[in-house]
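# Tertiary structure, described
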Amino acid sequence: MSTTEFNIKNIVRKNVLQIQPYSSARDEYVSDGSTMVFLDANENPYENGVNRYPDPQQRRLKSVLADQKNVGVANILLGNGSDEVLDLLFRAFCEPKHDNIITLPPTYGMYTVLATINDIEERKVVLDRHFQPKVSQILNAIDENSKLLFLCSPNNPTGNSFSEDKIVQIVENFKGLVVIDEAYIDFSVEDSWVKRIKKYPNLVVTQTLSKAYGLAGIRLGICYASEGVIEILNTIKPPYNVNELTQQRALERVLDQEKVTEEVGRILEQRNALIEALKTVPFVTEIYPTDANFVLIKVDDANKRYEQLLKHGIVIRNRSTQPLCEDALRLTIGTAEENTQLITVLKQV
Ligand SMILES: *Cc1c(COP(=O)(O)O)cnc(C)c1O
């Protein structure tokens, strides 16, 4: 198999191929900046900053992202969080009760939730003990109805990035879409795969402003892919899926890279400090390498330690029920003060 065989028409759902997208008022008339009287969308004419519908194609925001990532505007789709982007991928490419997806647990829980909602079979190929993909097992799990394969790198909850070589093998041998979820890429020492969407038409990269960019509250997810994939997602997305306030705040933030980089730097410093401190906590049995803004650790008794931290006012994530994660806890990196508080409590319980 080679990627030259990839044809988007073979993997998109038939009903989606036939859709005439809903054309909103703001799709039919695209402002060229001249002063117009807008009587086309039944809006309230009294200005308050948000009385008009938002740009359905988020042109300003996309053009900044396109410049920064060195891709075309036609390679970008924005969503109400990356969760919406992932849901659009399911609805565009996976036929309910017929198709299947591949996931590599332990990983992000939304893939399973979305597969269940959309009535899609999920084939789970557990990571190896270094939390890396088992390539041959993955390729064995695939069949002609496998449409999406999710690689979360850096992976949540394990924190590590997947090996470049393994990702290449998967992308080059899968005829469906490989979705690399890069929610944590801005904390990582590894390169983003966005650069390679030109080379691989079956590669989809998702990012978000919820983590390093500090904007979880506005809900802005980003999908980078070949024009063919983006075009299909565009036909099925709700017309005004990214609201005006979100577009404004996102634009301000992506234009302020210095601030983002500075905060990421501080988080990474705190990550190192936390890891050093964890080494001295007697009940911590394992500290996994991390490329993200959290650390996965193993402890003597995860339920007990989780409850103890709660009693001291600290909320962490107990990941014990996931495969390979027995007695594992996930700790997000907070501020220096929060980190100190965490360490103090860990040493005292
Ligand atoms: C946090 C996270 C996201 C973010 O989703 P949003 O909907 O953009 O907030 C996506 N993927 C993974 C793996 C995450 O951990």
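Refer to the structure presented above.
The notes below deal with the structure included here. Computed from a predicted model, the values in this text were never measured in an experiment.

### A closer look at the site of the ligand
Neighbouring the ligand are 13 residues, the closest being Ser-82, Tyr-184, Thr-208, Lys-211 and Arg-219. Between Asp-83 and the ligand, the recorded distance is 3.1 Å, taken from a backbone N or O atom to an oxygen atom. Relative to its unbound accessible area of 390 Å², the ligand is 94% covered by the protein chains. The dominant element in the shell around the ligand, judged by the number of residues it contributes, is helix α5 (residues 81-93), at 3 residues. Per-class residue counts for the shell around the ligand are 4 nonpolar, 5 polar and 4 charged.

### Comments concerning the environment of Cys-325
Mapped onto the fold, Cys-325 is located in the loop between β10 (317-318) and β11 (328-332). Its relative accessible area of 0% is what places Cys-325 among the buried residues. Cys-325 sits 60 residues away from Gly-265 along the chain, and the two C-alpha atoms are 28 Å apart. Sequence-distant contacts of Cys-325, that is, excluding residues within four places in its chain, are made with Pro-106, Pro-157, Leu-296, Lys-298, Arg-319 and Ser-320.

### Here's the deal with the packing of aromatic side chains
Tallied over the entire structure, the rule returns 7 aromatic pairs. Here the aromatic rings of Phe-90 and Phe-150 are separated by 5.7 Å at their centres, their planes lie at 20°, and the arrangement is stacked. Residue Phe-90 is found in helix α5, and its partner Phe-150 is found in strand β4 (residues 146-152); the two are separated by 60 residues along the sequence. Note on Phe-150: relative accessible area 1%, which makes it buried. What links up through ring pairs into an aromatic cluster is the set Phe-90, Tyr-108, Tyr-111 and Phe-150. The ring of Phe-283 carries the charged tip of Arg-305 above its face, separated from the ring centre by 3.8 Å. Over the aromatic face of Phe-294 sits the side chain of Arg-330, whose NZ or CZ is 5.6 Å from the ring centroid.

### Quick word on helix α4 (residues 59-69)
Considered for burial, the residues of α4 that qualify are Leu-61, Lys-62, Val-64, Leu-65 and Ala-66. One or two positions beyond α4, positive phi appears at Asn-70, with a value near 60°.

### Quick notes on the packing of α5 against helix α6 (residues 110-117)
It is at 10 Å that the axes of α5 and α6 come closest, and there the two elements cross at 40°. If you check the angle between α5 and α6, you find them oblique. Once α5 is placed against α6, the crossing between them reads as right-handed. Contacts between α5 and α6 pair Asp-83, Leu-86, Asp-87 and Phe-90 from the former with Met-110, Tyr-111, Leu-114 and Ala-115 from the latter.

Conventions used here
- Every chain is numbered on its own, with residues counted from 1 as its sequence reads.
- Where totals are concerned, whole chains, interfaces and linings use all residues; where local detail is concerned, this predicted model gives features only for residues with pLDDT of at least 70, and gives and counts side-chain atom pairs only at 80 or more.
- Water and hydrogen atoms play no part in the side-chain values, which are based on all heavy atoms of the structure.
- Nearness of a residue to a molecule or strand requires only that one of the residue's heavy atoms be within 4 Å of it.
- In the analysis that follows, any N or O atom pair within 3.5 Å is treated as a polar contact, provided that within protein one partner can donate a hydrogen and the other can accept it, and provided that, for residues neighboring in sequence, both atoms belong to side chains.
- Only the protein chains shown count as cover for residues, with accessible areas throughout obtained via the Shrake-Rupley method and a probe of 1.4 Å.
- Segments assigned H or I by DSSP are reported as helices when at least four residues long, segments assigned E as strands when at least two residues long, and all are numbered from the N terminus.
- For this classification, the nonpolar set comprises Ala, Val, Leu, Ile, Met, Phe, Trp, Tyr, Cys and Pro, the charged set comprises Asp, Glu, Lys and Arg, and every other residue, Gly included, is treated as polar.
- Each residue gets one of three labels from its accessible area relative to the maximum for its type: buried under 20%, exposed over 50%, partly exposed in between, using a 1.4 Å probe on protein chains only.
- The contact criterion used is simple: two residues touch if any of their non-hydrogen atoms lie within 4.5 Å.
- Each Phe, Tyr or Trp ring (for Trp, its six-membered ring) is paired with any other whose centre lies within 6.5 Å, and the angle between the two planes then decides the class: stacked below 30 degrees, edge-to-face above 60, tilted in between.
- A ring has a charge above it when a Lys NZ or an Arg CZ is no more than 6 Å from the ring centre and no more than 35 degrees off the ring normal.
- Only the contacting stretch of a helix is used when fitting its axis, a line to C-alpha atoms as for every element, and angles between N-to-C directions run 0 to 180 degrees.
- Any angle between 65 and 115 degrees counts as roughly perpendicular, while under 35 counts as roughly parallel, over 145 as roughly antiparallel, and the rest as oblique.
- Left-handed describes a crossing whose near helix is turned anticlockwise from the far helix by less than a right angle; the clockwise case is right-handed.

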